[in-house]
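Chain residues, written in single-letter form:
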Amino acid sequence: MEQITLDGTDLQLLDQLQRDASLSNQDLAGRVHVSPPTCLRRVKRLLDAGLIERQVALLSPDRLAPVLGHGLTALVEITLDRQDAERLSAFEQRVAADDAVQQCYRVSPGPDFVLVVGAPDMPGYLALAQRLFTSDANVRNVKAFFSLKRSKFEPRLPLPLTAAATR
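Presented here is an overview of the structure given in this document.

Reading the values: the criteria
- Residues numbered from 1 in each chain as written.
- Predicted model: local features only at pLDDT ≥ 70, side-chain atom pairs only at ≥ 80, totals over all residues.
- Heavy atoms only, no water.
- Phe/Tyr/Trp six-rings, centres within 6.5 Å; stacked < 30°, edge-to-face > 60°.
- Helix = DSSP H or I, 4+ residues; strand = E, 2+ residues; numbered from the N terminus.
- Buried < 20%, exposed > 50% of the residue type's maximum accessible area, 1.4 Å probe, protein only.
- Contact = heavy atoms within 4.5 Å.
- Salt bridge = Lys/Arg side-chain N within 4 Å of Asp/Glu carboxyl O.

Turning to the packing of aromatic side chains, a few remarks are in order. Counting across every chain of the model gives two aromatic pairs. Pairing F91 with F113 gives two aromatic rings, centres 4.9 Å apart and planes at 45°, and the pair type is tilted. Taken as a pair, F91 in helix α5 (residues 85-96) and F113 in strand β4 (residues 113-119) lie far apart in primary sequence, 22 residues in all. For the pair formed by F91 and F113, the shared burial category is buried. Judged by centre distance (5.1 Å) and plane angle (80°), the rings of Y125 and F146 are edge-to-face. In this pair, Y125 sits in helix α6 (residues 122-134) while F146 sits in strand β5 (residues 139-146), placing the two residues 21 residues apart along the sequence. F146 sits in the partly exposed class, given a relative accessible area of 34%.

What follows covers unusual backbone geometry. Omega for the peptide link from S108 to P109 comes to -5°, which places this bond in the cis form. The topology assignment puts P109 in the loop between β3 (101-106) and β4.

Here the focus is the environment of T9. You can see T9 is positioned in helix α1 (residues 8-19). For T9 and Q103, which are 94 residues apart along the polypeptide, the C-alpha to C-alpha distance reads 30 Å. Excluding residues that lie within four positions of it along the chain, T9 makes contacts with V34 and R42.

A word on the pattern of salt bridges. Evaluation of the coordinates by the stated rule reveals twelve salt bridges. Measuring nitrogen to oxygen at the nearest pair gives 2.4 Å for the salt bridge that ties R106 to E92. Residue R106 is found in strand β3, and its partner E92 is found in helix α5; the two are separated by 14 residues along the sequence. Here E154 ties to R156 by a salt bridge, and the two come within 3.8 Å at their closest N and O atoms. Each of D7, D10, R42 and R45 takes part in one network of salt bridges that share partners.

Next up, the structure:
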């Protein structure tokens with residue numbers, strides 16, 4: 001993997017893009033106090049280096065609820081029966097490929113995985129659980145926690161805006 005050095009301007013660009021990736025190049029350049037051509041060149045470098053995985057729109061579940069329904073969000077702990085590298089990887093790949101799985105973490109100690117999953121309703125969650133957990137003979141234990149209220153959701157990574165960092 002290519003080594004990349006980040007300076008304060010790069011970190012400010014990343015921070016601004018995390019806050020609002022829809023900013024025009026002109027506006028982004030103004031916010032970090034560089035020229036538009038410099039801004040464009042630096043953002044392209046950050047993209048090419050893989051520091052920006054993708055740009056997406058974050059939807060408001062509360063605003064969409066009247067149209068789509070509230071749905072269920074569950075945090076699910078999964079413990080596998082056998083934890084060799086091949087089985088851990090196979091489970092991880094299988095659940096990560098499912099659209100209902102919003103986040104997948106391999107964790108330690110405790111369960112082997114923690115997932116954040118979404119379903120339209122309880123029958124939808126049951127179908128998800130059967131598809132992802134019950135049908136897998138290596139899944140030993142499933143423990144689900146259903147969200148009653150989302151108090152905070154922030155996908156932004158905290159960045160040290162005053163110091164240079166190297167990757």
